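An overview of the molecular structure
In case you want the letters, here they are:
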Amino acid sequence: QGPAAVKYFNTVDSFDTHADIPAYFADMDAAAKEAGHSALISTGWDPGLFSIARTLTEAVLPAGYTQTFWGRGVSQGHSDAIRRIEGVEGAVQYTVPNQAAIKAVESGENPQLSTADKHSRLCYVVAAEGADKERITREIKEMPKYFADYETTVNFISAQELARDHAGMPHGGQVLRLGHTQEGVKHLVRFQLQLDSNPDFTGSMVAASARALVRLHQHGHRGAASVLDLPPAWYSPSSPEDLRAQLL
């Protein structure tokens, strides 16, 4: 929908399938340039704030390694992906970080972690009456880019249980950068979020990004951009003078 919308407006979106971002950027860039508009893609917290954290920490500590952990919390995109499966009437998916993997990163072990080593995925699904639960389970676990690379557990529950026990949308995560400035001198940088409501926080980041997009467009940019292309001050409602006086 992004390339269609940017023909008529400057747009901000929260496209979050990480593997597809380069191709999506190219599509949005071409459509926005043709229309004379600007498009800020993939805002939110990951991609978004976590992307900025990874970029800055790797720039400051170029010798080292970065690991990102998500959860424990509800993934909106993964939950929606389950709900699109035939025979599913409701679903929620929790991303669960591996605490042993986090400790290994913090200790400086530089563990070689696969996707499955870092997280597991816990799904609660309401199936339609008569639906094939084995097929639903198989489709979830084999879904590329969402579940295929993870240890995934699927639990079937009632609609009442889903409403009672899984109505909230908490989430969070952390970016860890372990780097060295000289032999024997290591540094750990952590950027962490703990969110009561994933959509509330994501919406706040998108709103801040709209401010940045306006300034980007006013500076003559046409085409697509990401959160990495914009000065931090552009996200703020405060003036540059106030930011220098209060936050710098």
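Residues numbered from 1 in each chain as written. Predicted model: local features only at pLDDT ≥ 70, side-chain atom pairs only at ≥ 80, totals over all residues. Heavy atoms only, no water.

**A closer look at the overall build of the protein**
To keep it simple, the criterion reads: Only runs of H or I of at least four residues qualify as helices and only runs of E of at least two qualify as strands under DSSP, and these elements are numbered from the N terminus. Residue contacts are counted whenever heavy atoms from the two residues lie within 4.5 Å of one another. Each accessible area is a Shrake-Rupley estimate made with a 1.4 Å probe; only the visible protein chains count as cover when residues are assessed.
In terms of helices and strands, the protein carries ten helices and ten strands. Its C-alpha atoms give the protein principal-axis dimensions of about 60 × 55 × 30 Å. Long-range contacts, defined here as pairs at least 24 residues apart, represent 71% of the contacts in the protein between residues at least 6 apart. When the accessible surface of the protein is totalled, it reaches about 13400 Å², and 51% of it is carbon and sulfur.

**Some remarks on the sheet that holds strand β8 (residues 171-182)**
As a reminder, the rule being used: Two strands are said to pair when DSSP picks up at least two bridges between them. To get an axis, a line is fitted to the C-alpha atoms, and for a helix only the part in contact is used. The angle between two axes follows their N-to-C directions and goes from 0 to 180 degrees.
As summarised here, the arrangement of the three strands in space is β3-β8-β9, forming an open sheet in which the pairing is antiparallel. The outermost strands of the open sheet, each flanked by one partner alone, are β3 (64-70) and β9 (185-195). Averaged over all neighbouring strand pairs, the angle between strand axes comes to 10°, with direction disregarded. Bridge count between β3 and β8: seven bridges; the pairing is antiparallel. In the sheet register, Thr-68 faces β8, and the bridge partner there is Val-175.

**Quick word on the sheet that holds strand β6 (residues 119-127)**
The strands making up a sheet associate through hydrogen bonds between their backbones, and the pairing can be parallel or antiparallel. The strand order across the open sheet built from four strands is β4-β5-β6-β7, with neighbouring strands paired in mixed fashion. One side of each edge strand has no neighbouring strand; the edge strands of this open sheet are β4 (73-74) and β7 (151-156). Taken together, the two bridges between β4 and strand β5 (residues 88-97) define a ladder with antiparallel strand orientation. Its bridge partner lying in β5, Val-74 is registered against Tyr-94. Of the strands in this sheet, β5, β6 and β7 are in contact with helix α7 (residues 133-141), which crosses β7 at around 150°.

**Digging into the pairing of β9**
Pairing between β8 and β9: eleven bridges, direction antiparallel. Bridge pairing in β9 links His-171 to Leu-195. Taking the residues that link successive antiparallel strands as the turn, the β8-β9 hairpin has two residues, and the phi of Gly-184 there is positive, at about 85°.

**A word on unusual backbone geometry**
Leave glycine aside and you will find that most residues have negative phi; peptide bonds, for their part, are mostly trans. In this model, Asp-46 is joined to Pro-47 through a cis peptide bond whose omega is 5°. Relative to the helices and strands, Pro-47 is located in the loop between β2 (38-40) and α3 (49-60). Put simply, Gly-71 and Arg-72 share a cis peptide bond, and its omega is 5°. Within the fold, Arg-72 resides in the loop between β3 and β4.

**Quick look at α7**
What counts, and what does not: We call a residue buried when its accessible area falls under 20% of the maximum for its residue type, exposed when it is over 50%, and partly exposed in between, using a 1.4 Å probe and counting protein chains only. The definition of a polar contact used here is a pair of N or O atoms within 3.5 Å, where within protein one atom must be able to donate a hydrogen and the other to accept one, and adjacent residues in sequence count solely through side-chain atom pairs.
Buried within α7 are the following residues: Arg-135, Ile-136, Thr-137 and Ile-140. In this structure, the buried side of α7 is in contact with α4 (76-83), β5, β6 and β7. Backbone nitrogen of Glu-134 and a side-chain oxygen of the N-cap are separated by 3.1 Å at the start of α7; the cap is Asp-132.

**Quick look at the pattern of salt bridges**
Note the cut-off: Salt bridges, as used here, are contacts in which a Lys or Arg side-chain nitrogen is within 4 Å of a carboxyl oxygen on Asp or Glu.
In total, this model carries ten salt bridges according to the counting rule given. Close ionic contact of Asp-46 with Arg-54 constitutes a salt bridge, the shortest N to O distance being 2.8 Å. Measuring nitrogen to oxygen at the nearest pair gives 2.9 Å for the salt bridge that ties Glu-139 to Arg-135. You can see Glu-139 and its partner Arg-135 sitting in helix α7, four residues apart, about one turn around the helix. The exposure class of Glu-139 is partly exposed, given its relative accessible area of 33%. Salt bridges linked by common partners bring Lys-103, Glu-106 and Arg-190 together as one network.

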